[in-house]
Amino acid sequence: IAGSDLYSTTDGGAQWKESAVDFHGFIQAIRFPDREHGFFATDIGEIWFTTDGGQHWSPLERGAGQALRGLFCTNPGRGWLVGDGGVILSITGGE
């Protein structure tokens, strides 16, 4: 991640390509509980997920109402986000 852009690699970081994801704001947290499943959250409350290692991303929720700053996942089907104003959200897989 870099500012408001998202990049992915399939060769351990030798080459990177920008991912075409139509999110807004800046990524504040990103986590992959396994190789295929990942989540990221933005400073305007967007939550996005992938089920193919970051090749494609879909919105899980748009506009959580507060900036989301932290993300923790125990597995692909369970995670929590924290944000401004004491916001705590749970996520369940995205599928």
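Just so it is clear, the structure is predicted and the values come from calculations on it, not from any experiment.

Reading the values: rules and limits
- Residues numbered from 1 in each chain as written.
- Predicted model: local features only at pLDDT ≥ 70, side-chain atom pairs only at ≥ 80, totals over all residues.
- Heavy atoms only, no water.
- Helix = DSSP H or I, 4+ residues; strand = E, 2+ residues; numbered from the N terminus.
- Rg over C-alpha atoms; globule rule 2.2 N^0.38 Å.
- Buried < 20%, exposed > 50% of the residue type's maximum accessible area, 1.4 Å probe, protein only.
- Pairing = 2+ DSSP bridges.
- Contact = heavy atoms within 4.5 Å.
- Axes fitted to C-alpha atoms, helices over the stretch in contact; angles between N-to-C directions.

K.L.:
Could you give an account of the overall build of the protein chain, naming the residues involved and the relevant values?
P.N.:
On a plain count of helices and strands, the protein chain comes out with zero helices and nine strands. Helices (α) and strands (β) of the protein chain occur, in sequence order from the N terminus, as β-β-β-β-β-β-β-β-β. Its C-alpha radius of gyration of 13 Å places the protein chain within 12% of the 12 Å reference for a compact globule of 95 residues. Dimensions along the principal axes, computed over C-alpha positions, put the protein chain at roughly 40 × 25 × 20 Å. By residue count, 35% of the 95 residues in the protein chain fall in the buried class.

K.L.:
Run through the pairing of strand S9 (residues 88-91), naming residues and quoting values.
P.N.:
Direction of pairing for strand S8 (residues 78-83) relative to S9: antiparallel, over a ladder of four bridges. By the bridge assignment, Val-82 is partnered in S9 with Ile-88. Connecting S8 to the antiparallel partner S9 that follows it, the hairpin turn spans four residues, and Gly-85 within it adopts a positive phi of roughly 70°.

K.L.:
Can you explain the side chain of Ser-8? Please cite residues and give values.
P.N.:
By secondary structure assignment, the location of Ser-8 is in strand S1 (residues 7-8). Looking at Ser-8, the relative accessible area reads 10%, which means it is buried. Not counting chain neighbours up to four residues away, the residues in contact with Ser-8 comprise Gln-15, Trp-16, Lys-17, Ser-19, Gly-54 and Gln-55.

K.L.:
Describe the sheet that holds strand S7 (residues 68-75), with residues and values.
P.N.:
Ordered by their spatial adjacency, three strands build an open sheet running S7-S8-S9, and the pairing between neighbours is antiparallel. Two strands in the sheet have a free side with no partner beyond their single neighbour: S7 and S9. The sheet shows a mean angle of 20° between the axes of neighbouring strands, direction not considered.

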